[in-house]
Amino acid sequence: MIYPLKGVVQNYAWGGYDFIPNLLQVENEEQQPFAEYWLGVHPKGAAKMYKDGSWQELAKHYQVPFLLKILDVRSVLSIQAHPNKTEAIAGFAKEEEKGIPRDAFNRVFRDDNHKPELMYALSDFWLLHGFKSMKDINACIDETPAFSSLKSHAVYLSSFYGHLMRMDQSKVDEILTQLKNEIDQQEITDKNHPHYWAKKSFELYGLDRGIFSIYFFNLVYVKPGQAIYQKAGLPHAYLEGQQVEIMANSDNVFRAGLTPKHMDVELLLDHIVFKETQVNIIEPTMEDDLESLIKSPAKEFELSILTINHSNKSIQTHSEECYIVLEGEAQVEDQSFAKGSSFFVEPNQEFTIKAKAAKIARAKVPQ
Ligand SMILES: [Zn+2]
């Protein structure tokens, strides 16, 4: 069966005001930030399916191992990393044992799952993605006078990053005040330069040590239609743009700055993988004329984009699948789905999507 699906909007402060309301074709009269739209079974934002004449919890009827999202990043998000599966099971059990409520401010492991993430850019997109090499970190220190006192620490990645994260706030203030003074005198419009994002972050978060990561992580630009994958332990932060994101069904996040949310530095340092990251931008591969697949190593999900113009796409499902119409309108059997609407399909179904012009995100479990 094919069921209409209704997701959940998350109004996080960093979200944009227009993109998601336009997509969902809803008003945003109160100018709320529409940061994320969730399609999945996570208890923090569980989707509903239309079944037997009423909207019912999808989670009541189906297991869905992935969480599909639309993100609109207006302002810099927290620097973060996610646990691997073993760490998530252990961390969750420990916090349950301590009796920390699952929605408490200082709760880190909100579930016992890992959270590999794949993002597909719908617009120009910028993010921080993994550590630069020590060589590039040193080059960055050399060309940034405010960082001169960091030079003697820049030998090994783990001790260098540990130093940045554990440094007294007074020392952080000293370095970042100098950096801010250097930047404030310059006109900076290049989004591929860390100064641009540092300037924005000073305005939002003040002398926040997360600003170091803007310089020592890879600053990556992703073109619309390209994707990037983030595995466990890889530190990252989204900076600006719109995207489709898919992940294992989890909300476990270690934070490392640029956030008013809870930060546990020692826990973060225990779980980050200290390794130089080679940036691997993923170009989708065409499955057939209408479907391009975004390959990733994740076992919980597979994302593809359907572009259907005056044609029909036949689909056979092998797992639970979620779809969201990004552009245009799609006809699925006898149901019609406008831009922003979603549907859920059971395993072992055969059906056809027809459209005059539609772009649709499709999420499933790899075979
Ligand atoms: Zn993340």
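Rules and cut-offs
Residues numbered from 1 in each chain as written. Predicted model: local features only at pLDDT ≥ 70, side-chain atom pairs only at ≥ 80, totals over all residues. Heavy atoms only, no water. Donors = N, O, S within 2.8 Å, 3.2 Å for Na, K, Ca; no water. Helix = DSSP H or I, 4+ residues; strand = E, 2+ residues; numbered from the N terminus. Buried < 20%, exposed > 50% of the residue type's maximum accessible area, 1.4 Å probe, protein only. Salt bridge = Lys/Arg side-chain N within 4 Å of Asp/Glu carboxyl O. Domains from an automatic or database assignment. Contact = heavy atoms within 4.5 Å. Buried area = accessible area lost by both parts, 1.4 Å probe. Polar contact = N/O pair within 3.5 Å; in protein donor to acceptor, adjacent residues only side chain to side chain. Nonpolar A, V, L, I, M, F, W, Y, C, P; charged D, E, K, R; others polar. Pairing = 2+ DSSP bridges.

Focus: the coordination of the zinc ion
The coordination sphere of the zinc ion contains the protein donors Gln-80 (OE1), His-82 (NE2), Glu-117 (OE), Glu-117 (OE) and His-236 (NE2), at a distance range of 2.1 to 2.6 Å. Written as a sequence motif, the donor residues of the zinc ion are Q-x1-H-x34-E-x118-H. You can see Glu-117 sitting in strand β8 (residues 117-121) and its partner His-236 sitting in strand β12 (residues 236-248), a full 119 residues away along the chain. Per residue, the accessibility class of Glu-117 equals that of His-236, and both read buried.

So, the pattern of salt bridges
Under the counting rule described, the total for this entry stands at 18 salt bridges. The partner of Asp-142 in a salt bridge is Lys-151, with the nearest N and O atoms 3.0 Å apart. Judged by relative accessible area, which is 54%, Asp-142 ranks as exposed. For Lys-151, a relative accessible area of 35% translates into the label partly exposed. The salt bridge involving Asp-288 is made with Lys-313; its shortest N-O contact spans 2.5 Å. You can see Asp-288 sitting in the loop between β14 (285-286) and β15 (291-294) and its partner Lys-313 sitting in strand β16 (residues 302-316), a full 25 residues away along the chain. Judged by relative accessible area, Lys-313 falls into the buried class, the value being 5%.

Some thoughts on the domain arrangement of the chain
In terms of domain boundaries, the chain breaks down into domain 1 (2-127 + 222-261), domain 2 (135-212) and domain 3 (289-364). The straight-line distance from the C-alpha centre of domain 1 to that of domain 3 is 20 Å. On the domain 3 side, the residues contacting the 31 residues of domain 1 number 32 residues. Together, the buried faces of domain 1 and domain 3 total about 2700 Å²; carbon and sulfur atoms form 75% of this surface. The interface formed by domain 1 and domain 3 holds 7 residue pairs in polar contact (both at pLDDT 80 or more) in total. Only β1 (2-6), α1 (19-24), β3 (36-39), β6 (66-73), β8, β11 (227-230) and β12 provide two or more residues apiece to the side of domain 1 that touches domain 3. The residue makeup of the side of domain 1 that touches domain 3, split by class, is 26 nonpolar, 4 polar and 1 charged.

Description of the environment of Pro-33
Mapped onto the fold, Pro-33 is located in the loop between α1 and β3. For the pair Pro-33 and Ala-13, spaced 20 residues apart in sequence, the C-alpha separation works out to 5.9 Å. Residues contacting Pro-33, with those up to four places away along its chain left out, are Gln-10, Asn-11, Tyr-12, Ala-13, Gly-15, Gly-16 and Tyr-17.

Observations regarding the pairing of strand β9 (residues 125-131)
Across the 7 residues of β9, 7 count as buried, placing the element largely inside the fold. Direction of pairing for β9 relative to strand β10 (residues 217-222): antiparallel, over a ladder of 5 bridges. Following the sheet pairing, Leu-127 is matched in β10 by Val-220. By the bridge criterion, 4 bridges tie β9 to β12 in an arrangement that is antiparallel. Residue Leu-127 lies in a different strand from β12, and its bridge partner there is Tyr-238.

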